[in-house]
Amino acid sequence: MKTYERHAEDTVRIAGSLETVFAVVDDPMQISTHMSRRTWMMAGSTMTTQVDELGGHAVGSHIRMTGRVIGIPVGLDQAITLREPPLAKQWATQGTPKLIVIGPYAMAVELEPHGEATSMRVMLDYDLPAKNRWLGRLFGRFYANWCVRQVVHDVSAHFAEARPGLAGPSAASWSSARARKHEPA
């Protein structure tokens, strides 16, 4: 297994069963929602997500994302590398992704039951981009933390919409553990 230079992670408790939370995590369109919205982090741009015939629901399935950020073409091919319903899922970029502030990466979601709720841990291990490493040094950590927080938010928001007043993260339920390996401050 490849080791990466840097790491970002976040954890949240969601008012939903393991199975229902995993169903959202297992849907590539749901988990990449933040990339399809125009945000300041994406410089007002979006990315389109496409899945292969396996739909991102099996080890080896491919998910491709393409778009343009400030006029620069960006894109990546990622494959599911681990899928253990309803406890864990992991995917990693294949080849050299065309990204601006991070390079190759692996993202993982681990779920753990807590009564009627589920604890969700989202992790992103990544390298700096091969080109323009200086941009990665300046903005990579910020972008990686944003991505992790967005996945946590998107999955949590799904349950907040499904059960208003009963789900989604509250300020008290968030537990941020943003450990970094080999990353200078």
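A quick note: this is a predicted structure, and the numbers were derived from the prediction, not measured.

A. Up close: the overall build of the chain. A tally of regular secondary structure across the chain gives three helices and eight strands. Ordered by position from N to C terminus, the α and β elements of the chain give β-α-α-β-β-β-β-β-β-α-β. Across the 185 residues that make up the chain, the buried fraction comes to 48%. Expressed as a percentage of contacts within the chain between residues at least 6 apart in sequence, the contacts between residues at least 24 apart total 58%. In the form shown here, the chain has an accessible surface area of approximately 9300 Å², with 56% of it arising from carbon and sulfur atoms.

B. Spatial organisation of the nonpolar core. One finds Y105, M107, M120, V122, L124 and V155 to be the most contacted residues of the largest nonpolar core, which totals 37 residues. For this core, the elements supplying multiple residues, two or more each, are β1 (6–14), α1 (18–25), β3 (62–69), β4 (72–84), β6 (105–114), β7 (117–126) and α3 (133–162). In terms of residue count, the dominant contributor to this core is α3 (10 residues). Not counting residues up to four positions away in its chain, the partners in contact with M107 are K89, Q90, W91, V122, M123, L124, C147, V148 and V151.

C. Structural view of the pattern of salt bridges. Tallying each qualifying case throughout the model produces eight salt bridges. For the salt bridge of D26 with R83, the shortest nitrogen-to-oxygen distance reads 2.7 Å. Placement of the pair is D26 in the loop between α1 and α2 (28–31) and R83 in strand β4, with a sequence separation of 57 residues. The salt bridge involving E110 is made with R121; its shortest N-O contact spans 3.1 Å. Taken together, the residues E110 in strand β6 and R121 in strand β7 connect sequence positions 11 residues apart. On the accessibility criterion, E110 (36% relative accessible area) is partly exposed. Connected through salt bridges with shared partners, the residues E5, R6 and R133 form a single ionic network.

D. The arrangement of the packing of aromatic side chains in detail. Tallied over the entire structure, the rule returns one aromatic pair. Taking the centre distance of 5.6 Å and the plane angle of 35° together, the rings of Y143 and W146 count as tilted. Note that Y143 and W146 are positioned in helix α3 at a spacing of three residues, about one turn of the helix. Each member of the pair Y143 and W146 is classed as buried. A cation over a ring is seen here: K2 above Y4, with NZ or CZ 4.6 Å from the ring centre.

E. Region of the structure containing the confidence of the model for the chain. Considering every residue of the chain, the mean pLDDT works out to 83; 78% of them sit at 70 or more. Across residues 163–185 the pLDDT falls below 50, and counting only partners more than four positions away or on other chains, this stretch makes 47 contacts in the model.

F. Quick look at the pairing of β4. Sheet topology note: the β3/β4 ladder contains eight bridges and is antiparallel. Bridging from a neighbouring strand, T66 pairs with G75 of β4. Linking two consecutive strands that pair antiparallel, namely β3 and β4, is a turn of two residues; a positive phi of about 45° is found at I70 within it. Pairing geometry for β4 and strand β5 (residues 88–98), over eight bridges, is antiparallel. The partner of Q78 across the bridge, within β5, is T93. Joining the antiparallel neighbours β4 and β5 is a turn of three residues.

About the thresholds
Residues numbered from 1 in each chain as written. Predicted model: local features only at pLDDT ≥ 70, side-chain atom pairs only at ≥ 80, totals over all residues. Heavy atoms only, no water. Helix = DSSP H or I, 4+ residues; strand = E, 2+ residues; numbered from the N terminus. Buried < 20%, exposed > 50% of the residue type's maximum accessible area, 1.4 Å probe, protein only. Contact = heavy atoms within 4.5 Å. Areas by Shrake-Rupley, 256 points an atom, 1.4 Å probe, with all protein chains shown as cover. Core = buried A, V, L, I, M, F, W, Y, C linked by side-chain atoms within 4.5 Å. Salt bridge = Lys/Arg side-chain N within 4 Å of Asp/Glu carboxyl O. Phe/Tyr/Trp six-rings, centres within 6.5 Å; stacked < 30°, edge-to-face > 60°. Lys NZ or Arg CZ within 6 Å of the ring centre and 35° of its normal. pLDDT = per-residue confidence, 0-100. Pairing = 2+ DSSP bridges.

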